[in-house]
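# Structural overview
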Amino acid sequence: MKDYLIRGTTVDGSIRFACVTTELVEKARKIHDCYPVATAGLGRMLTASSMMGTMLKSDDDKLTIQINGKGPINGILAASDTTGNVRGYVGNGHLDNQVKSSGKLDVGWAVGLDGVATVIRDMGLKEPYIGQVPIVSGEIADDLTVYFANSEQTPTSVGLGVLVEVDGHVSASGGFILQVMPEAEEKHVAAVEENLIHMGQLTDLIHKGYSPEKFIQEILKPFEITIFDKKEISYVCNCEKERIERALISLGEFELTELIEDQGQAEIVCHFCNKKYQFDKSELSELLRKAKS
Ligand code: ZN
């Protein structure tokens with residue numbers, strides 16, 4: 001099954017998102033050479049950012065989520081837009097595995113508790129919208145649930161799961177965001193809460209081959225859902241030399257002059273896809289000329 005995301009609603013107007021992200025998380029693991037706990041942490045962040053990206057209003061808007069609780073993973077960042085395509089990175093992908101008594105990878109320990117989860121929505125205005133909440137567990141889904149409650153005043157339930165096999169590869173990944181709209185009926189909300197308690201692990205369902213439609217229906221039963229959007233999602237980096245040039249120019253005259261005199265060249269590596277961009281002395285001199293003008 002290709003990765004895809006759906007948006008749907010029940011009859012009372014509650015909006016729900018669900019997606020399967022197994023392939024894109026496996027691609028991220030390979031790009032960043034992540035060990036299991038980092039794969040789980042990055043995979044959960046990528047899955048959340050894909051769904052949250054599609055909640056943006058305009059096609060030009062961009063979303064970045066970050067979490068850093070001073071734990072050994074040294075922060076995780078994921079970015080998306082309305083396409084739902086994602087990219088991201090972890091500070092330290094080579095962490096030793098720490099497993100909780102439940103047998104789950106201890107993402108909370110890796111992320112740490114001393115810090116914040118940050119959601120940045122860049123809507124092309126002068127200043128982006130930045131929402132921040134203190135980390136509650138570092139498990140990411142909990143932290144984003146708190147973010148939605150605080151920043152958007154919408155009761156929300158976020159579920160994220162990444163199943164990493166013993167050999168390190170990702171065999172199931174996905175998530176959901178449930179938002180209860182004011183018009184939702186009490187009995188619907190209560191039924192969904194019951195379902196969430198009894199449905200078991202999301203990754204087990206995905207591993208069994210459940211599609212987003214099927215597991216979201218499992219969560220929302222017995223209420224019928226209408227799917228109004230479905231899109232394929234992937235791990236996509238849209239870095240380009242021009243953007244890296246602009247970043248170099250923004251270093252300013254002093255830094256660029258120093259770079260040219262000390263190194264005579266520069267190699268910039270994209271954090272998201274590890275692509276290398278080389279700049280020789282004449283290119284750097286040209287950028288310095290632009291920085292001066
Ligand atoms: Zn890139």
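### Some points on empty space enclosed by the protein
Counted by the stated rule, this structure contains 1 cavity of 30 Å³ or more. Its volume calculated, the largest cavity comes out at about 30 Å³. Forming the boundary of the largest cavity are Met45, Ile65, Gln66, Ile67, Ala117, Thr118, Ile140, Asp143 and Leu144. Every element with two or more residues in the lining of the largest cavity is listed here: strand S3 (62–68), strand S6 (116–122) and helix H4 (141–151). Tallying contributions element by element places S3 first for the lining of the largest cavity, with 3 residues. Its residues assigned to classes, the lining of the largest cavity shows 6 nonpolar, 2 polar and 1 charged.

### Structural notes on the coordination of the zinc ion
Distances from the zinc ion to its protein donors, Cys237 (SG), Cys239 (SG), Cys270 (SG) and Cys273 (SG), fall within 2.2 to 2.3 Å. Written as a sequence motif, the donor residues of the zinc ion are C-x1-C-x30-C-x2-C. In this pair, Cys239 is assigned in the loop between strand S10 (225–232) and helix H8 (241–249) and Cys273 in the loop between strand S11 (266–269) and strand S12 (276–279), connecting sequence segments 34 residues apart. Note on Cys273: relative accessible area 24%, which makes it partly exposed.

### Things to note about the packing of aromatic side chains
Inspection of the entire model under this criterion finds 2 aromatic pairs. Ring centres 5.5 Å apart and planes at 65° place the aromatic pair Tyr147 and Phe148 in the edge-to-face group. Overall, the relative accessible area of 1% leaves Phe148 in the buried class. Above the ring of Phe272, the side-chain terminus of Arg87 is found at 4.7 Å from the ring centroid. Above the face of the Tyr210 ring, Lys214 is positioned so that its terminal group lies 4.4 Å from the ring centre.

What counts, and where the lines are drawn
- Residues numbered from 1 in each chain as written.
- Predicted model: local features only at pLDDT ≥ 70, side-chain atom pairs only at ≥ 80, totals over all residues.
- Heavy atoms only, no water.
- 1 Å grid on protein atoms, 1.4 Å probe; cavity = no way out; pocket = protein on both sides within 12 Å on 5 of 7 lines; lining within 4 Å.
- Points joined across faces, edges and corners; volume = space filled by probe spheres on them.
- Helix = DSSP H or I, 4+ residues; strand = E, 2+ residues; numbered from the N terminus.
- Nonpolar A, V, L, I, M, F, W, Y, C, P; charged D, E, K, R; others polar.
- Donors = N, O, S within 2.8 Å, 3.2 Å for Na, K, Ca; no water.
- Buried < 20%, exposed > 50% of the residue type's maximum accessible area, 1.4 Å probe, protein only.
- Phe/Tyr/Trp six-rings, centres within 6.5 Å; stacked < 30°, edge-to-face > 60°.
- Lys NZ or Arg CZ within 6 Å of the ring centre and 35° of its normal.

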